[in-house]
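Structural overview for review
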Amino acid sequence: MASSQAVFSQSRVVSQPKVLNGKNRIPNGAKGLSGSSAVKSAVKELMPKIKSTTQSRSQVSVQAIANPPKKVSKGDDAIQDLTGGPGGGGMYTNTTPELRRIVPDANGRATVKVVYVVLEAQYQSSISAAVNQINANNKDLCIEVVGYLLEELRSESNMVEFRKDVANANIFIASLIFIEELADKVVAAVEPERERMDAILVFPSMPAVMRLNKLGTFSMAQLGQSKSAVASFMKKKRAEGGSGFEDGLLKLIRTLPKVLKYLPSDKAQDAKNFMMSLQYWLGGSSDNIENFLLMLAKEYVPELSEASIKVEEPVVFPDVGIWHPAAPSMYEDLKEYLNWYDTRKDMKFERDAPVVGLVLQRTHLVTGDEGHYAAVVQEIESRGGKVVPIFAGGLDFSNPVDKFFYNPLNGGKALVDAVVSLTGFALVGGPAKQDSPKAVEALKRLNVPYMVSVPLVFQTTEEWTDSTLGLHPVQVALQVALPELDGGMEPIIFSGRDAATGRAHSLYDRVEAVAGRALKWANLRKLKNKEKKLAITVFSFPPDKGNVGTAAYLNVFGSIWKVLTMLKENGYDVGDLPEKEEDLIESVLQDKEAQFNSPDLNIEYKMSIKEYEELCDYSGALHENWGPPPGNLNTNGQEMLVYGKKYGNVFIGVQPTFGYEGDPMRLLFSKSASPHHGFAAYYTYVEKVFGADAVLHFGTHGSLEFMPGKQVGMSEACYPDSLIGNIPNLYYYAANNPSEATIAKRRSYANTISYLTPPAENAGLYKGLKELAELISSYQSLKDTGRGASIVNTIIAKATECNLDRDVELPGPDVDAGDLEDEARDNIVGSVYGKLMEIESRLLPCGLHVVGCPPSAEEAVATLVNIASLDRPEDNLVGIPSILASCVGRNIEEVYRSSDKGVLADVELLEEIKLASREMVGCFVSRTTGKDGRVGESALAGLANLFGNSGTIAPWMDPIKKSKFKKANPAQLKAQFDYLRFCLEQVVKDNELGALLGALDGNYVIPGPGGDPIRNPDVLPTGKNIHALDPQSIPTAAAVVSAGVVVERLLERQKIENGGNWPETIALVLWGTDNIKTYGESLAQVLWMIGVRPVPDALGRVNKLELIPLEELGRPRIDVVVNCSGVFRDLFISQMNLLDRGVKLAAEQDEPLEMNFVRKHALEQAEELNVTLREASTRIFSNSSGSYSSNVNLAVENSSWNDESQLQEMYLSRKSFAFNSDAPGSGMEENRAVFESALKTVDATFQNLDSSEISLTDVSHYFDSDPTKLVQGLRTDGKMPNSYVADTTTANAQVRSLSETVRLDSRTKMLNPKWYEGMLSSGYEGVREIQKRLTNTMGWSATAGAVDNWVYDEANATFIEDEEMQARLLASNPNSFRKMVATFLEANGRGYWDAPEEKLEKLRQLYMEVEDKIEGVE
């Protein structure tokens, strides 16, 4: 690409910047710094020369940059109250409006009282300066003013003062009031005083607040109902969403003279004054605010109608333009800016210096609160980068991006090499709504990395520093989650806020991080491929040589091999790349497939203690947890060891583990911990010794992003920030795991690239299950002959042999089917048949995915069948099962329910529908298959003709044209298969390798949702930068409906199994990914249980609640104990607030205790613990902030626990941190007493499964969060609670017992030849996957006693007693095989598996043999 220096030079123009009526001069107080202060050192040298009496805001900017406020000493009582940080009152912010109160000496003048409420603090200094100027110079008028930040109104004491202030105010001003619960408070306080007040000015806000507007005859009281021009305009722009409202107002101001001449003179004047007010406000400078207040006083305060008050016209600044702190003016023309930039005397740049585009908020510039922006500009320039800092008056930055970020000599080529938004907002939109499609289009065109750094808005610097939460949850929703939908990454806090002045100031170390990381991304566009250094990081968890290359659903080394091959083809230096994948594994593990006589991984680098301490500037902080280096991990006793292997400019390294997995005491007592020295040495090597230009974390997931630190908004003391340093972080992440991908994005600054999970297949039937299906087929054809009864007897015996007697109610051995009625026999067969079909049709991922490898046609069928099984009313699509059932006069939901009950005829009908669906989809997919058996783009192109040619017989009709389904609705089927064609196209468009190559070239990675492709095919194609969703958008209305169905089925089943009694308390788990995939179904389940309904606000954000009356609910309110995963806590803290408010709302209802178990238990616990009712009704728990999991999974995986009580103590000590909506800023506070007391009342434990890809034994998270045996130990009666799992992976939602689900999981995966042979096809990594399922199965024995003995028996028969299988496992991955053998012995030793002594002796002998082979003993 053309060098940016050439562009800067060639764009030089003769004319100097124009000044038109002062329009583009920098406002008073917003003038930039002199060129000599463009670097940090110069700023610091300048500071002693600045006199304290200086009033110029340009010099205030220097002060803000060089000297951010120091933390107030604890002895300073005057300010202690204001900056106490979270915990001081428990609010998110504890600043006080008294800092913004100015009470003048009237001295006989008329006093006008002004009260204002704003979202952000940047207007504070302008308003204060303007008021002080008026009070000092005006002989007729003085202003009393007090200002409230919106967030301060959460405090009841502040609300009391606010109501008092409003009650005697003349003028009320508000702007950007977009948080409805606080907007309601504003309306409640101001509305009663509206008629009395002289003027009310509300600029863009929630409709209810906008309706308060009143300026003479101008009113918005009828907003949404009136047909006036202004009201129509407002309504239209609100409906358009995004930034249309603000930008539309700016346009209206410019065209005002044309509009006003058609209005009556008095109305015209008031409307003009309103628009003029907005112009003053948007101008923002102290001069503009002064004239704004003078105009309002003169025109609308009756006492001043005759006063001689001079009012100047607004000083107008450009709506869009370029600003630079050292420039003489704002620029509206790119060439003029480049001309000035290229002729600067204070800075010299390399000819091909990287160019960073900055996006700024105009209000900070016009109010003079721009010191934090100047700091970023100076830091980037001091590091040799150029900048183009743009701003916009509205909230649509896509237009200025198009206008200023392209090469003026070649409009199609980007001028900038990276973009950093310093607004914190979405590119198009703001605190109200956003338009991510428009933003993504603009960023796709520009095609450079896009970072969104965040200024502190609602917290002071001290409050953020002290907070374990980090960034304020409302700000996370508005300024982190929403920009992620645009593809924004790296939410680094770059500026703080001073409690006293409201001014922004730079946070030096954070500004350095933003600048350093932006330039590293930009440099990827400058470096030649052969020069680029890439560190590929693989994981090893649990720490064992057989686990190197751990990642969910991914063949890691096969995928790395494909990546290296691609890099080589694109000019990267990959050295002497091995000829095949197996040799690559061997080089990293030192000996092929972790085989014998190879105790250590390959050592790539040995780092001396001296070098480590010199290069790792945070090493001293690790001493508290690990002592001095080198410690005892990743070391030879004298040096730190970095494991891995270098190939040219590519380093394949093994990330060290957490370090305390094998230490039961650390697992038990560690609320959180630091990385060990070996972990720090690894990342120190990658950045400062190897010199990586980027790191690629390979697969879901490692430990970096889960290291201790703030939840969101890292400080330099947070370990993920320290470890990643300035290295651009690319991260291959499973597309179905958006929640943990989001943690990686926010805490380790990852640019995630999604990869497809393995294609799903139906589990099928095997061995005795297959024989059972054949017997049922015989019964169907022979039941009316004399053989029917004998076949039923055989079916009963076979089902018992297959251990189905725990899942299906079967007659005892003394019952003869010949003595039963026909209907009873049919019901037995129907129940067994239904269970078999449940097993057969269950989806399971087969094998492991290789990055960039599209699925085969056969692999695509099962996924498409399940996509087609769902009704999608939002897309006007009817699922195939619904279509087929309808054509034979049935409702599919009725068929599902009847089949669940074992009605044979409906079990058969459902099976026919299922088989017909598969055949139809199979016939359709066969038309897309290439010669290699995989779906091909060329075949898909041909398939398109089927949808455009009305004379063609649709292929999907062939399988059913002679069946009972031949009259299926053709239009509905065509629409469904058109949708399936779209889904197939998305699969084929896989961009997993392309996105990585683009990211390494410094390109923009297109964002996309993560989740289950069956529920949400928009997840496809993979190769996207995964985002989650707006946390305030859930639960959706559809999720609430689905949740209601599951809750009723759960309560119905528990009531049946609990002697007809309602469960009083249910303990359940909330997962981040599940709630993203289902749009909040499990969140809504909690609200259904307690009988509370979520209500969206006027902008569709779910942040309000209403109680469901008992008459409508029709049952008692069920108490809950909610265990939120650490990831859910990080992503959905605002919804935890909602849940806690909901529980407390239920607890405070004066209702019969037998109809309100929440209140019943809260009253009991309040008395028992001597606390208030609200504290006793605390029910929303998780880990401490920055901590994840109960560590039960680590203990089980590493066999590092003594007994179950130790596991239960881990759970209690790490999961007893409560969220309190009465003190939301306090974060997670330990409240073990209430936690234990609530658990004692639990009758049932409950979890959700929402995706076929992840089930109970696939990952350790599920048993890690299970409290079943713990509850039994806490209950005074020692009763084991019932345990349930909701399965919503198919259209037919089920509630099963935990044991049923474990059995189903075992049958369909671990014991299923289709699954384990698929895994073994991946060799080394496949053996590890099998071993992992066995370990996780034992985890369920440990926490819930949910595993039947036969599961261990069958697993032992399959993998140990079969000598051929044993040999295959040993040859592929001896370390994982050894772990399998040890797990069988451990399960027996802990009493979970009752096995005969000869089996155990064989296992002991086998363990010793494998151990000897691994150690090289012949």
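See the structure above.
Summarised in this report is the structure supplied together with it. What you see is a predicted model; the values in this text were computed from it and never measured.

A separate point is the packing of aromatic side chains. Within the structure shown, the criterion is met by 39 aromatic pairs. Plain terms: the ring middles of F651 and Y682 are 6.2 Å apart, the flat faces sit at 40° to each other, and that makes the pair tilted. With F651 in strand β18 (residues 650–654) and Y682 in helix α27 (residues 677–689), this pair connects stretches of sequence that are 31 residues apart. Given a relative accessible area of 0%, F651 falls into the buried group. According to the relative accessible area criterion, Y682 is buried, its value standing at 1%. Taken together through their ring pairs, the aromatic side chains of Y123, F203, F218, F274, Y280, W281 and F292 make up a single cluster. The lysine or arginine in question, R344, covers the ring of Y341, its NZ or CZ lying 5.0 Å from the ring centre.

On to the sheet that holds strand β10 (residues 418–421), then. One open sheet accounts for 5 strands, arranged β7-β9-β8-β10-β11; its pairing is mixed. Two strands bound the open sheet, and with one partner strand each, they are β7 (320–322) and β11 (450–452). Averaged over all adjacent pairs, the angle separating strand axes in this sheet is 20°, with direction ignored. When strand β8 (residues 355–361) meets strand β9 (residues 386–392), the two strands line up parallel, connected through 7 bridges. Of the residues in β9, the one forming a bridge with V356 is V387.

Let us now look at the environment of P675. Inspection of the secondary structure puts P675 in the loop between α26 (664–669) and α27. Taking the C-alpha atoms as reference, P675 lies 8.6 Å from W626; in sequence the two are 49 residues apart. If sequence neighbours within four positions are ignored, P675 has contacts with L622, W626, M707, Y719 and L723.

This next bit is on the packing of helix α31 (residues 788–801) against helix α32 (residues 822–841). Running from N to C, α31 and α32 point in directions that differ by 35°, and their axes come no closer than 11 Å. Considering the relative orientation of α31 and α32, their crossing is left-handed. Taken together, the residues of α32 that come into contact with α31 (itself represented by A789, V792, I795, I796 and A799) are R825, I828, V829 and V832. Counted by class, the contact of α31 with α32 contains 8 nonpolar, no polar and 1 charged residues.

Quick look at helix α39 (residues 992–1000) now. Among the 9 residues in α39, 8 count as buried, and that is most of the element. All of the buried residues along α39 are E992, L993, A995, L996, L997, G998, A999 and L1000. Elements that come into contact with the buried residues of α39 comprise α21 (508–523), β15 (534–538), α22 (556–569), β19 (694–698), β20 (729–734) and β21 (750–755). Positive phi appears at G1002, one or two residues downstream of α39, with a value of about 80°.

Cut-offs applied
- Residues numbered from 1 in each chain as written.
- Predicted model: local features only at pLDDT ≥ 70, side-chain atom pairs only at ≥ 80, totals over all residues.
- Heavy atoms only, no water.
- Phe/Tyr/Trp six-rings, centres within 6.5 Å; stacked < 30°, edge-to-face > 60°.
- Helix = DSSP H or I, 4+ residues; strand = E, 2+ residues; numbered from the N terminus.
- Buried < 20%, exposed > 50% of the residue type's maximum accessible area, 1.4 Å probe, protein only.
- Lys NZ or Arg CZ within 6 Å of the ring centre and 35° of its normal.
- Pairing = 2+ DSSP bridges.
- Axes fitted to C-alpha atoms, helices over the stretch in contact; angles between N-to-C directions.
- Contact = heavy atoms within 4.5 Å.
- Left-handed = near helix turned anticlockwise from the far one by under 90°.
- Nonpolar A, V, L, I, M, F, W, Y, C, P; charged D, E, K, R; others polar.

None of this, on its own, says anything about what the molecule does.
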